[in-house]
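Tertiary structure, described
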Amino acid sequence: QAKEDGRHVYRIYDDSMSKASAAKLSMMADLREALVNKEFQVYYQPQIDLASRQVCGAEALIRWQRRDGSFVPPDEFIPLAESSGIIADIGCWVLREACRDCAGWRQAGFTHMSVSVNLSYVQFRDGELECRVRKALDRVGLPAQALELELTESMLIGESPHIQKQIAAIRAMGVNFAIDDFGTGYSNLGYLRRFSATRLKIDKSFVMDMGGAAKDKPLVRAIIQMCDSLGLEAVAEGVEDNETVRELLALGCHQGQGYLWSKAITNDAFLCWLSEYGKQDLSDPFDYAQL
Ligand code: C2E
Ligand code: MG
Ligand code: MG
Ligand code: MG
């Protein structure tokens, strides 16, 4: 009886899962081709220093446009690229593109610009990350201080000495680190003592609901206070309106990123955006994004 049940359960599982896994397998195969076929592009989203309203940097966000023209969201393909390991190659490519484009912004006169690149835990696996970062900077002459690497809480909680050693070596180069999606991982905050980040990004789920009835504003306030006492700069993700900027400023948040200023756009569009943004009058107290 038990055996029969077991088999029955197995069969249902197998039937319902097979379609999903077939789709995943075919997407995994497509991912390898996509890199060769140049179907990926790196887009940039500006980061604004809230008090001065100056653009201080941009986050590099990968886009995959398939040959039929459709875009696959990163939240769909990044996990697959991680499980197949191809993210190591994709991530290395993003790093080189981002360093080259940031060097370009600085040469175009935006000399204070930095670029933030998302890292996957898989990129720490072969121990070559330090060397890859060094090369990506050197080939375009970008100072290490202009590069920031974003890591999520879950990558830091594991406390793997293998990862920690590599982070320390890259940090020693002068590259900055940020904690991404803060507040969505686990509640063990011990890693904050050991990990030498310079910035902490408050997850957009808290920022987007700040004006709502939920208890998101007290949470954002607490996170910013924690950043202050740890000497970290707080970056709010998902800033979509002026009201949120005013609240963030009142709470002492340092920087913001969100659709209020711009979504992620191609490098060409980003360069245009930078010069347009620089031309505007930044003194209107009610409008933080006149573009
Ligand atoms: P993330 O690193 O937390 O990036 C922020 C995400 O929030 C981006 O989604 C961005 O487009 C979106 N966003 C920014 N401002 C707003 C806003 O005002 N409102 C709303 N609703 N959303 C906003 P995206 O580009 O779809 O990327 C999703 C995630 O995929 C990223 O989250 C990151 O975890 C991952 N990802 C993207 N590019 C890369 C990459 O090159 N390497 C790796 N490993 N992961 C990447
Ligand atoms: Mg990020
Ligand atoms: Mg994030
Ligand atoms: Mg995210």
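In case you missed it, the structure is sitting above this.
Here is a short report on the structure shown in this document. (Residues numbered from 1 in each chain as written. Chains lettered and ligands numbered in written order. Predicted model: local features only at pLDDT ≥ 70, side-chain atom pairs only at ≥ 80, totals over all residues. Heavy atoms only, no water.)

1. Focus on the overall build of the protein
Helix and strand counts for the protein come out as 11 helices and nine strands. With the C-alpha coordinates of the protein rotated into their principal frame, the extents come out at 75 × 45 × 40 Å. For the protein, buried positions account for 44% of its 291 residues. Within the protein, contacts between residues separated by at least 24 positions form 67% of all contacts whose residues are at least 6 apart in sequence. Only carbon and sulfur atoms are counted for the fraction: they give 53% of the accessible area of the protein, which is about 14,800 Å². Of the charged side chains in the protein, 32 are positive and 41 negative; the average position of the first set lies 5 Å away from that of the second. (Helix = DSSP H or I, 4+ residues; strand = E, 2+ residues; numbered from the N terminus. Buried < 20%, exposed > 50% of the residue type's maximum accessible area, 1.4 Å probe, protein only. Contact = heavy atoms within 4.5 Å. Areas by Shrake-Rupley, 256 points an atom, 1.4 Å probe, with all protein chains shown as cover. Lys, Arg positive; Asp, Glu negative; His and termini not counted. Charge placed at Lys NZ, Arg CZ, Asp CG, Glu CD.)

2. Structural notes on the packing of aromatic side chains
Under the definition given, this model contains 10 aromatic pairs. Pairing Trp 273 with Tyr 277 gives two aromatic rings, centres 4.8 Å apart and planes at 20°, and the pair type is stacked. Residue Trp 273 and its partner Tyr 277 are located together in helix 11 (residues 267-279), separated by four residues, close to a single helical turn. Here Trp 273 and Tyr 277 have matching classes, each one buried. Aromatic ring contacts, followed pair by pair, group Tyr 44, Trp 105, Phe 270, Trp 273 and Tyr 277 into a single cluster. (Phe/Tyr/Trp six-rings, centres within 6.5 Å; stacked < 30°, edge-to-face > 60°.)

3. Some details on the packing of helix 3 (residues 87-107) against helix 4 (residues 129-138)
Geometry of a packed helix pair, given as the angle between the helix axes and the separation of the axes. Two elements in contact, helix 3 and helix 4, have axes separated by 8 Å at closest approach and are oriented at 30°. As the angle between them shows, helix 3 and helix 4 are arranged roughly parallel. For the element pair helix 3 and helix 4, the recorded crossing hand is right-handed. Within the contact between the two elements, helix 3 uses Cys 92, Leu 95, Arg 96 and Cys 99 and helix 4 uses Arg 132, Val 133, Ala 136 and Leu 137. A class-by-class count of the residues in the contact of helix 3 with helix 4 yields six nonpolar, no polar and two charged. (Axes fitted to C-alpha atoms, helices over the stretch in contact; angles between N-to-C directions. Parallel < 35°, antiparallel > 145°, perpendicular 65-115°, else oblique. Left-handed = near helix turned anticlockwise from the far one by under 90°. Nonpolar A, V, L, I, M, F, W, Y, C, P; charged D, E, K, R; others polar.)

4. So, helix 4
Every buried residue of helix 4 is listed here: Leu 129, Val 133, Ala 136 and Leu 137. Around the axis of helix 4, the buried residues are gathered within 95° of arc, so they sit on the same side. Among the structural elements, helix 3, strand 5 (147-152) and helix 6 (161-173) are those in contact with the buried residues of helix 4. (Arc of directions from axis to C-beta.)

5. Let's talk about the nonpolar core
If you look at the biggest cluster of nonpolar residues, it comprises 85 residues, and the most contacted ones within it are Trp 105, Val 133, Leu 147, Leu 149 and Trp 261. No other element matches helix 3, which puts 10 residues into this core. If we ignore the near neighbours within four places in the chain, the residues touching Leu 149 are Leu 95, Val 117, Leu 119, Val 133, Ile 170, Val 175, Asn 176, Phe 177 and Ala 178. (Core = buried A, V, L, I, M, F, W, Y, C linked by side-chain atoms within 4.5 Å.)

6. So, the pairing of strand 7 (residues 199-202)
Residues Arg 199 and Lys 201 of strand 7 are buried on one face, and the alternating residues Leu 200 and Ile 202, pointing to the opposite face, are buried as well. Note that strand 6 (residues 176-182) and strand 7 share three bridges and pair parallel. Among the inter-strand pairings, Ala 178 is bridged to a residue of strand 7, identified as Arg 199. In this structure, strand 7 lies alongside strand 8 (residues 233-236), joined through four bridges in parallel fashion. The residue of strand 8 that forms the bridge with Arg 199 is Glu 233. (Pairing = 2+ DSSP bridges.)

7. Some words on the coordination of the magnesium ion (ligand 2)
Each protein donor to the magnesium ion (ligand 2) is listed here as Glu 59 (OE), Asn 118 (OD1), Glu 150 (OE) and Asp 180 (OD); together their distances run 2.0 to 2.2 Å. Spacing between the donor residues of the magnesium ion (ligand 2) along the chain follows E-x58-N-x31-E-x29-D. Between the magnesium ion (ligand 2) and the magnesium ion (ligand 3), a spacing of 3.9 Å is present, and a bridge between the two is formed by Asp 180. In this pair, Asn 118 sits in strand 4 (residues 114-118) while Asp 180 sits in strand 6, placing the two residues 62 residues apart along the sequence. (Donors = N, O, S within 2.8 Å, 3.2 Å for Na, K, Ca; no water.)

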